[in-house]
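Structural description and commentary
Next come the chains, spelled out residue by residue.
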Amino acid sequence: MRYDNSPPSPESGSSISPDRPWYTRRSTLAVAAAVLAPTCLAGWVLTQALAGPAAGDPQTRAAPQPASHTAPGGADGKAGATPSAPAAPASPAASGSPLPSGPPLASGSPGAPAGAPDPLAGRTVVIDPGHNTGNFKHSREINRQVDIGTNRKECDTTGTTTNSGYMEAEFTMDVSRRLRTVLEARGVKVLFTHEAGPERPWGPCIDERARIGNEAKADAVVSVHADGVSEGSRGYHVILPAAVRGGSADTSKIVGPSRTLGERIAGNFARTTGTGPANYLGSGTGLVVRDDLGGLNLSTRPKVFIECGNMRDAKDAALLTSPEWRQKAAQGIADGIVGFLGG
Ligand code: ZN
């Protein structure tokens, strides 16, 4: 995540989420959690149902547990002020559960007649590896304001890091490359918004990231990220575009299909990684709608962001720094995309 441009140090992470805070006083949290807990559980069940028929496999799911609330004033001031989430399901992966087995959810069509056209043939997916490992060396360039239709925003941001210094931009590129490999094996044409490296030492800017998906006429676009909020905040969430119109931004045609794409990705990501939805936003659904991201506002193609976990939480960081876990993450995102495309 990280939508500001301070250097990528563990102390400087922040995230700006319009759906927070719901509650500003700690004294209200207990009541809020009690009221919202059933809603969260319902949201979780809904997300799993949307993932496909295998999503309800009880062997891969732990029972929901009460949220552990984060004390205000953590390593990051903004994050510390964020109210802890209502209850979220426990994470099987966090307790060392093995990778659930089984076919991808909402994808594949074993009953399809022989000779049926391949729904993935000729389809194009644009993958946007969030940030760039060189951004922190190019503050002037990435701080330049660009037009996102509804507003103006920095060209790009540095992204966050784990407390031990693993950069979000390294994570996003690694997962994106794994995701590309999986999708290409299914016959999907895959384009990246950037590959970092010498030819792309910073950026691209968020408006260009959106434009690449638009000009490719992508059937789906996914921007890969990890969040940087306080210890104790855990889990993934998928960010969906809000309905916005302003300047060159008009998401009216992509709000619906983007939600479908996001729901497929969320459900499959949960299944392949065994992790639960974010316990600090999204009311336990793993889905959040935002109207402040240029990469979504300027998209004319179905597009979502995924925040795969919280780099500042020790347990999430242990997952995010694991190549094996990143492979599961890539597989889950791929399964969601393939399901969305009808494959
Ligand atoms: Zn990010």
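The next thing to look at is the state of the cysteines. The final tally for this structure, using the stated rule, is one disulfide. Here Cys155 is linked by a disulfide to Cys205, with a sulfur-sulfur distance of 2.2 Å. Residues Cys155 and Cys205 are joined through a disulfide that is left-handed, its torsion about the S-S bond being -90°. On the criterion of sequence distance, the pair formed by Cys155 in the loop between strand S5 (152–154) and helix H4 (168–185) and Cys205 in the loop between strand S6 (189–192) and helix H5 (206–215) is long-range, its members being 50 residues apart.

Quick look at H5 now. By the burial criterion, the buried members of H5 are Ile206, Asp207, Arg209, Ala210, Gly213 and Asn214. Along H5, the residues classed as buried sweep out an arc of 160° about the axis, all on the same side. Buried residues in H5 make contact with strand S3 (124–129), strand S4 (145–147), S5, strand S7 (220–227), helix H7 (294–297) and strand S12 (303–310). Looking at the residues trailing H5, positive phi occurs at Lys217, about 50°.

Attention now moves to the pairing of strand S8 (residues 237–241). Most of S8 is tucked away: five of the five residues are buried. The alternating pattern of S8 places His237, Ile239 and Pro241 on one face and Val238 and Leu240 on the opposite face, and all of these are buried. Looking at chain direction, S8 and S12 are connected through three bridges and run antiparallel. Across the sheet, the residue bridging to Val238 is Ile306, located in S12. Pairing of S8 with strand S11 (residues 287–290), which is carried by four bridges, proceeds in the parallel orientation. Counted as the bridge partner of Leu240 is Val289 from S11.

Parameters at a glance
Residues numbered from 1 in each chain as written. Predicted model: local features only at pLDDT ≥ 70, side-chain atom pairs only at ≥ 80, totals over all residues. Heavy atoms only, no water. Disulfide = S-S within 2.5 Å. Helix = DSSP H or I, 4+ residues; strand = E, 2+ residues; numbered from the N terminus. Buried < 20%, exposed > 50% of the residue type's maximum accessible area, 1.4 Å probe, protein only. Arc of directions from axis to C-beta. Contact = heavy atoms within 4.5 Å. Pairing = 2+ DSSP bridges.

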